[in-house]
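Chain and residue survey
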Amino acid sequence: MIVRDIISIALRGLRSHKLRSGLTMLGLIIGVAAVILLTSLGQGLTASVNAAVEPIANSITIVPKVSPIPGGPSAKPLTDDDMAAIAKLPLVAAMVPSVTGSTVGAAGQVSKAVTASTPGAQYLSGSVTGTSFNYLSAQQKNLAYGSFFTEAQDKSGAKVAVLGPLVATALYGPSPQAAIGRTLRLDHALFKVIGVMQSYGAATDNVIIMPVKAARSGVFGNGIGGNELSSLTVKATSTAQVAAAKAQIIEVLREQHHITNPDFDDFQAQDLGSRLATFTGLIQLITGAVPAVAAVSLLVGGIGVLNIMLVSVTDRTREIGTRKAIGASDSAILSQFVLEAITLAGLGGLIGVGLSVGLIVALKELLASLGAGGGFLSSFSPVLSITPIAVAFGISVAIGLLAGGYPAWRAARLEPIEALRFE
């Protein structure tokens, strides 16, 4: 019997038992679809995380700290001189200084004291960050309205400010865009609002950003040393050079601060390397474990194929006896039932592939529309690749082969006389 005839007989058998065949294939359909869909989501998650982290993966953050050794030398703050020394290093591509503190802000001359969470308020206590013109690119943040201050405004210490959305709405009303061009009074200094940041959460939305010189002269006064820095973000020339750049920075700062014993370091240099490795490992564990759990349904589908093939052998015992009585060989019987099982599993696998591809395409469209306004969904999208499709379908067919092997072997071993006498 040729393969085409065997497949034809198999399909005819499936059609004659539609409900039983459908329920058997259901486990394979769900299993194949789940494996492909979850693998696609996992790959999409990994890709979106890598895309989000890559721009800041070469960042090194330096903050001052107190020496942990009792009786050690007094800690020295980070200063502009430290930044100038670090800037000379060959592995340093850019730097973003930061001077932070709190102040009281007002729109106009209103003096009614309220908090930043009060809608329509015109007076609030907020956080001020003095930084450089390249702050947005270094911190991977974006503006919602207006513009950021330029390099020229940075160097001249222009009295301009960029507001967090919470500050903008608290001082100037429910529309953040209304703050653009308005005057902001911080203590006794007046600033022109030129931009409003996108929302990144309450911790960063209640912030006022301005050039370092403007923050020192107009806001902090003598509260912060004239050349002191709260922190310094350094960008290495590449992600691969982060470790080497960090070592150079530590060496330079020890020279600047006259530190000979590393235990007396009065600064801390942090990079994302170790945290990224841990996070990446966790993502890989999740993306690997979830499809493995989904593959259990493929095993359930295989048990269903085994069950229906055993039932099929029992139901068709007299047919097998008749075929063997007229000359059908054991190998012909064996191949017939194996191909029936493979056909059943293959159909389930194909339907599962089609279902998963359709769901992934629909999910891509849905996430694209939901992420149009920005945020995590704007960068997250399932990744449809041929490998999980081929693997899931191959496993489905292999399950059909394995699950159909034993029933086919039983069918091939039946004696014609015993099969014909079976009731």
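Residues numbered from 1 in each chain as written. Predicted model: local features only at pLDDT ≥ 70, side-chain atom pairs only at ≥ 80, totals over all residues. Heavy atoms only, no water.

**So, the nonpolar core**
- Counting residues in each nonpolar core, the largest one holds 45 residues, and the members touching the most others are I62, I86, L163 and L184.
- With 6 residues, the single largest contributor to this core is helix α9 (residues 242-256).
- Setting aside residues up to four positions removed in sequence, L163 forms contacts with A168, Y172, A179, L184, V193, G195, V196, M197, V207 and I208.
- Residues I29, F337, L344 and I399 belong to the second largest nonpolar core, which totals 27 residues. (Core = buried A, V, L, I, M, F, W, Y, C linked by side-chain atoms within 4.5 Å. Buried < 20%, exposed > 50% of the residue type's maximum accessible area, 1.4 Å probe, protein only. Helix = DSSP H or I, 4+ residues; strand = E, 2+ residues; numbered from the N terminus. Contact = heavy atoms within 4.5 Å.)

**A closer look at the pairing of strand β6 (residues 160-163)**
- Burial along β6 is two-sided: V160 and V162 and A161 and L163, pointing in opposite directions, are all buried.
- By the bridge criterion, 2 bridges tie β6 to strand β9 (residues 207-211) in an arrangement that is antiparallel. Note that in β9 the partner of V162 across the bridge is I209. (Pairing = 2+ DSSP bridges.)

**Details of the packing of helix α2 (residues 18-53) against helix α13 (residues 386-413)**
- At a minimum axis distance of 9 Å, the contact between α2 and α13 shows a crossing angle of 160°. Considering their axes alone, α2 and α13 lie roughly antiparallel with respect to each other. In the crossing of α2 with α13, the sense of the turn from one axis to the other is right-handed. Between α2, through L28, V32, V35, I36 and T39, and α13, the contact on the second element is made entirely by P388, I389, A392, S396 and I399.
- Among the residues making up the contact of α2 with α13, the classes are represented as 8 nonpolar, 2 polar and no charged. (Axes fitted to C-alpha atoms, helices over the stretch in contact; angles between N-to-C directions. Parallel < 35°, antiparallel > 145°, perpendicular 65-115°, else oblique. Left-handed = near helix turned anticlockwise from the far one by under 90°. Nonpolar A, V, L, I, M, F, W, Y, C, P; charged D, E, K, R; others polar.)

**Remarks on the environment of S217**
- Looking at where S217 falls in the secondary structure, it is placed in helix α8 (residues 212-220).
- Exposure remark for S217: the relative accessible area of 51% places this residue in the exposed category.
- Remark: the alpha-carbon pair of S217 and G157, spanning 60 residues in sequence, is separated by 8.4 Å.
- A distance of 2.9 Å separates a polar side-chain atom of S217 from the backbone oxygen of K213. (Polar contact = N/O pair within 3.5 Å; in protein donor to acceptor, adjacent residues only side chain to side chain.)

**Notes on the packing of aromatic side chains**
- Enumeration over the complete set of coordinates arrives at 2 aromatic pairs.
- Between Y135 and F148, the aromatic rings sit 6.1 Å apart at their centres with planes inclined by 10°, giving stacked as the arrangement. With Y135 in helix α4 (residues 135-139) and F148 in the loop between β5 (143-146) and α5 (151-156), this pair connects stretches of sequence that are 13 residues apart.
- Residue classification places F148 among the buried positions, given a relative accessible area of 11%.
- Taken together, the ring pairs connect Y135, F148 and F149 into an aromatic cluster. (Phe/Tyr/Trp six-rings, centres within 6.5 Å; stacked < 30°, edge-to-face > 60°.)

**Notes on the pairing of strand β7 (residues 183-186)**
- As judged from the 4 bridges shared by β7 and strand β8 (residues 189-197), these two strands associate in the antiparallel manner. The residue of β8 that forms the bridge with L184 is F191.

**Here's the deal with α2**
- Here α2 is 36 residues long and its end C-alpha atoms lie 51 Å apart, about the 52 Å a rise of 1.5 Å per residue gives.
- Residue M25 marks the point of greatest curvature in α2, where the axis turns by about 30°. (Expected span 1.5 Å × (residues − 1). Bend = angle between axes of the 7 residues up to and from the residue.)

**Examining the side chain of D266**
- Assignment of secondary structure puts D266 in the loop between α9 and β12 (267-271).
- Here D266 occupies a buried position and makes no salt bridge, while the nearest side chain of opposite charge, K76, is found at 6.6 Å.
- Reaching out from D266, the side chain makes a polar contact with the backbone nitrogen of K76 at a distance of 2.8 Å.
- A polar contact of 2.7 Å, which involves the side chain of D266, links it to the side chain of H257. (Lys, Arg positive; Asp, Glu negative; His and termini not counted. Salt bridge = Lys/Arg side-chain N within 4 Å of Asp/Glu carboxyl O.)

**Observations regarding a nonpolar patch on the surface**
- On the surface, L19, L23, L26 and I30 cluster together into a nonpolar patch covering about 410 Å² of accessible area.
- Structurally, the position occupied by L26 is in helix α2.
- With relative accessibility at 41%, the residue L26 sits in the partly exposed group. (Patch = residues over 30% accessible without salt bridge, like charges linked within 9 Å, V, L, I, M, F, W, Y side chains within 5 Å. Areas by Shrake-Rupley, 256 points an atom, 1.4 Å probe, with all protein chains shown as cover.)

**Considerations on the confidence of the model for the protein**
- Mean pLDDT over the protein: 80, with 83% of residues reaching 70 or higher.
- Taking the mean pLDDT of every element in the protein, the minimum, 66, falls on helix α14 (residues 416-420) and the maximum, 94, on β6.
- Across residues 109-121, confidence stays below pLDDT 50; counting only partners more than four residues off in sequence or on other chains, it has 23 contacts. (pLDDT = per-residue confidence, 0-100.)

**Description of helix α6 (residues 165-172)**
- Of all 8 residues in α6, 6 are buried, a share of seventy percent or more.
- Those residues of α6 that sit buried are P165, V167, A168, A170, L171 and Y172.
- Just past α6, the residue G173 takes up positive phi, approximately 105°.

**A word on the packing of α2 against helix α12 (residues 330-370)**
- Two numbers describe how α2 lies on α12: the axes approach to 7 Å, and their chain directions differ by 40°. One way to sum up the angle between α2 and α12 is to call them oblique. You can see that α2 and α12 cross each other, and the crossing is right-handed.
- Taken together, the residues of the contact of α2 with α12 sort by class into 17 nonpolar, 7 polar and no charged.

**Points about unusual backbone geometry**
- The residue Q140 is not glycine, and still its phi comes out positive at about 55°.
- Mapped onto the fold, Q140 is located in the loop between α4 and β5.
- Taking relative accessible area as the criterion, Q140 reaches 39% and is therefore assigned partly exposed.
- Non-glycine residue H258 carries a positive phi angle of around 55°.
- Here H258 lies in the loop between α9 and β12.
- Look at H258 and you get exposed, because its relative accessible area is 65%.

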